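What follows is each chain in one-letter form.
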Amino acid sequence: MYRPHPFSWVPAEGERHATTDAKPRHGYHGVTVRTLCSKKVTADNSDIGWLWPTCPSCNSGAHELAGVPVAGEGAD
């Protein structure tokens, strides 16, 4: 399955988390994954889940893996 970055976003436990776990063909809904913030969470791929705030730790980890600075970091 095509994945432009070595992680995917997964809504779970009231936040959008990132994971490097392999993405199942049917998606993550109901699947337990290990997140970049070191939690084990069960994905909730509901419409509302994608509107939850992004986990700050996962966001930092995702930016690091993508080689892209977090907005506002490193600006002089």
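Scoring rules and cut-offs
Residues numbered from 1 in each chain as written. Predicted model: local features only at pLDDT ≥ 70, side-chain atom pairs only at ≥ 80, totals over all residues. Heavy atoms only, no water. Pairing = 2+ DSSP bridges. Helix = DSSP H or I, 4+ residues; strand = E, 2+ residues; numbered from the N terminus. Phe/Tyr/Trp six-rings, centres within 6.5 Å; stacked < 30°, edge-to-face > 60°. Buried < 20%, exposed > 50% of the residue type's maximum accessible area, 1.4 Å probe, protein only. Arc of directions from axis to C-beta. Contact = heavy atoms within 4.5 Å.

Draft legend 1. Spatial organisation of the pairing of strand β2 (residues 15–19). Across five bridges, strand β1 (residues 8–12) lies against β2 in antiparallel orientation. Bridge pairing in β2 places W9 opposite A18. Here β1 hands over to β2 after two residues, with E13 in that stretch at a positive phi of 50°.

Draft legend 2. Highlighting the packing of aromatic side chains. Taken as a whole, this structure holds one aromatic pair when the rule is applied. Ring geometry for F7 versus W9: centroids 5.9 Å apart, planes at 80°, classification edge-to-face.

Draft legend 3. Local environment of helix α1 (residues 56–66). What α1 keeps buried is the set C58, G61 and A62. Buried residues of α1, viewed axially, fall in a sector of 100°; they line one side. α1 presents P56 and E64 as exposed residues on the side facing more than 90 degrees away from its buried surface. For α1, the secondary structure elements touched by its buried residues are β1 and β2. At the C-terminal side of α1, G67 shows a positive phi close to 70°.

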